[in-house]
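Residue-level structure breakdown
Each chain, letter by letter, is given below.
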Amino acid sequence: AARPVTAFEPSAIHERTRCTMALPITGLYGAFHALFDVALAANVPRLRGKTNVFLGTGDSEDLLTAVRRHGNHAEYVALALFLLSLCELHGAGMTALHVIGGAFTLGRIAHAIGVGIKPSGPRAVGALLTWLSIAGAGVYGAILAFSAAR
């Protein structure tokens, strides 16, 4: 009789169709951004308790800044990591992946530093690096995908 498969074991179907390609570079940037996101998010409830504002941001500039730092990071990170993973799956070079991932990461850090500063050079540089890295990953990923399809 066949032994039942537990939740932590691959099923027979999974064993036949398993993808063995790892994504170490995407994993590296994904791990960093997960921790960075939690750090940005943790600041929001801390300030909510300090200001006694539990919905919205009230009149607190500090709370508004913390909410936007976290929210803006969360708005961009999924798309960037998705595109980076597609590039990696299509065989992108390690240097190109680190240029894209590094630019995105520097952009997100600079943007988080710059939010709340008026006028803000770091925020502008961060936004530009973010957009360029996402656009670059999109174009590079499309080139790799079309090359693979031939």
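Residues numbered from 1 in each chain as written. Predicted model: local features only at pLDDT ≥ 70, side-chain atom pairs only at ≥ 80, totals over all residues. Heavy atoms only, no water.

Moving on to the overall build of the chain. In terms of helices and strands, the chain carries 5 helices and 0 strands. In sequence order, the secondary structure elements of the chain are arranged as α-α-α-α-α. Across the 150 residues in the chain, those meeting the buried criterion constitute 33%. By sequence separation, contacts in the chain at least 24 residues apart represent 66% of the contacts at least 6 residues apart. Total accessible area on the chain stands at roughly 9400 Å², and carbon and sulfur atoms take up 69% of it. (Helix = DSSP H or I, 4+ residues; strand = E, 2+ residues; numbered from the N terminus. Buried < 20%, exposed > 50% of the residue type's maximum accessible area, 1.4 Å probe, protein only. Contact = heavy atoms within 4.5 Å. Areas by Shrake-Rupley, 256 points an atom, 1.4 Å probe, with all protein chains shown as cover.)

Turning next to the packing of aromatic side chains. Taken as a whole and assessed by the stated rule, the structure comprises 1 aromatic pair. Where Phe32 meets Phe36, the ring centres are 5.7 Å apart and the plane angle is 20°; that geometry is what we call stacked. Here Phe36 and Phe32 lie together in helix α2 (residues 24–51), a separation of 4 residues that amounts to about one turn. We classify Phe36 as buried; its relative accessible area is 16%. (Phe/Tyr/Trp six-rings, centres within 6.5 Å; stacked < 30°, edge-to-face > 60°.)

As a further point, take the side chain of Ser133. As for its placement among the helices and strands, Ser133 is situated in helix α5 (residues 121–149). In this structure, Ser133 is in contact with Ile100, Ala103 and Phe104, ignoring residues within four places of it in sequence.

Turning to its location among the elements, Gly27 is positioned in helix α2. Between the C-alpha atoms of Gly27 and Ser85, which are 58 residues apart in sequence, the distance is 8.6 Å.

Now for unusual backbone geometry. Residue Pro119 is reached from Lys118 by a cis peptide bond, and omega for that bond is -20°. Residue placement: Pro119 occurs in the loop between α4 (94–114) and α5.

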